[in-house]
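# Descriptive structure summary
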Amino acid sequence: MNMSLVGRQLELTEAMKNHIEAAVESLKKYHLDIIATRVAVSADEKNGKKGFSVEFSINLPHKNTIVVKQKDKDVYAAVDVAIDRAQKVLRRHHDKVTEHKAIKVSEFANLNIPDTDTDVEADSEIDEIVPMELDLYKPLDIEEALDMLKESNKQFFIFNDKDDKTRVLYKRKDNKYGLY
C-alpha cells in the first residue's frame, strides 16, 4: 500500500507522522488490498480560533475512492475520528464482499436442486435442449382466454388476440372478469 502524508500550513512532527502511519496501518486488517492512502492535514484559523482538518483518501480496487474529512481543535483527535469513520466504511465494504459467496461451477453440479422436468433423466451426461412453443404467442379468442383463466388459479392472463393485440384478462373482486 502506498501512503502519502501532506501537511498544509503546518509542519508535521515525527509524533504526528507516527500516529497517522499507525492509524493507516490499522486499515490493513480488513484485507481489501488498499492501493493507496493519501492523508492531508491542514491548519485552519477562523475568528481567532485554531483548528485542524484531516482528509483521508483511500483508493480500493473495483471501488470508487473513499474520502473521509474531519475537523477538530486537536490534530490527534481529528485523525482518530477520521480513522474510525474510515474503518466503518471499510468494514461495511469488507462485510459486503465476504458475505457474497460465489459458487464455483464444480460445486454447482453438487447442489440438490429439484428437477422440474420429469422427462429428462438426472443421470444423463449429455445436455439436451428441447424446443417448446409458448402458448403466449398463439393468437386466442377472448372466450378461449377466459376458459384458460377460469381453469387456472391465476388472477390475470395475458394473451394475443386475433388482431395481434396484446390483451389482459383479469378477475375482478365482484367475481366478474375485466379486459384490457
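Coordinates for the structure precede this section.
Report on the accompanying structure. It should be emphasised that the depicted structure is a prediction, and the values quoted were computed from it without experimental measurement.

### A word on the sheet that holds strand β2 (residues 36–46)
Within the open sheet, the four strands sit side by side as β1-β2-β3-β4. Their pairing is mixed. Where the open sheet ends on each side, the last strands, each with one partner, are β1 (2–8) and β4 (66–72). For this sheet, the mean inter-axis angle between neighbouring strands, taken without regard to orientation, is 15 degrees. Sitting on the sheet, helix α2 (residues 75–99) is in contact with β2, β3 (49–59) and β4, with an inclination near 150 degrees to β4.

### Considerations on the side chain of Q87
With respect to the secondary-structure elements, Q87 resides in helix α2. Assessed through its relative accessible area of 14%, Q87 is described here as buried. Q87 has contacts with S26, L27, K29 and Y30, leaving out every residue within four places of it along the chain.

### Focus on a positive patch on the surface
A surface patch of positive charge is lined by K29, K88, R91 and R92. Classification of K88 by relative accessible area gives partly exposed; the value is 39%.

### What to know about the side chain of S53
Within the fold, S53 resides in strand β3. The exposure class assigned to S53 is buried, which follows from its relative accessible area of 14%. Setting aside residues no more than four positions away along its own chain, S53 makes contact with A40, V41, S42, D44, Q70 and K71.

### What to know about the nonpolar core
Counting residues in each nonpolar core, the largest one holds 26 residues, and the members touching the most others are V54, F56, I58 and L90. Elements supplying a minimum of two residues to this core: α1 (14–25), β2, β3, β4 and α2. With seven residues, the top contributor of residues to this core is α2. Beyond its immediate stretch of four places on either side in the chain, I58 contacts L27, I34, A36, T37, T65, I66, A86 and L90. Of all hydrophobic cores here, the second largest spans six residues; its members include L149, F157, F159 and L169.

### Some words on the packing of aromatic side chains
Given two aromatic rings, one states the distance between the centres and the angle between the planes to describe the pair. Using the criterion set out here, one finds two aromatic pairs in the structure. Their ring planes at 20 degrees and their centres at 6.0 Å tell us that F157 and F159 sit as a pair that is stacked. The class for F157 is buried, based on a relative accessible area of 16%. Each ring, one from Y170 and one from Y180, has its centre 5.3 Å from the other, and the planes form 25 degrees; the classification is stacked. Remark: Y180 occurs in the segment after β7 (177–179) and Y170 occurs in strand β6 (residues 166–171); sequence separation between them is ten residues. Judged by relative accessible area, which is 62%, Y180 ranks as exposed.

Reading guide: rules and limits
Residues numbered from 1 in each chain as written. Predicted model: local features only at pLDDT ≥ 70, side-chain atom pairs only at ≥ 80, totals over all residues. Heavy atoms only, no water. Pairing = 2+ DSSP bridges. Helix = DSSP H or I, 4+ residues; strand = E, 2+ residues; numbered from the N terminus. Axes fitted to C-alpha atoms, helices over the stretch in contact; angles between N-to-C directions. Contact = heavy atoms within 4.5 Å. Buried < 20%, exposed > 50% of the residue type's maximum accessible area, 1.4 Å probe, protein only. Patch = residues over 30% accessible without salt bridge, like charges linked within 9 Å, V, L, I, M, F, W, Y side chains within 5 Å. Areas by Shrake-Rupley, 256 points an atom, 1.4 Å probe, with all protein chains shown as cover. Salt bridge = Lys/Arg side-chain N within 4 Å of Asp/Glu carboxyl O. Lys, Arg positive; Asp, Glu negative; His and termini not counted. Charge placed at Lys NZ, Arg CZ, Asp CG, Glu CD. Core = buried A, V, L, I, M, F, W, Y, C linked by side-chain atoms within 4.5 Å. Phe/Tyr/Trp six-rings, centres within 6.5 Å; stacked < 30°, edge-to-face > 60°.

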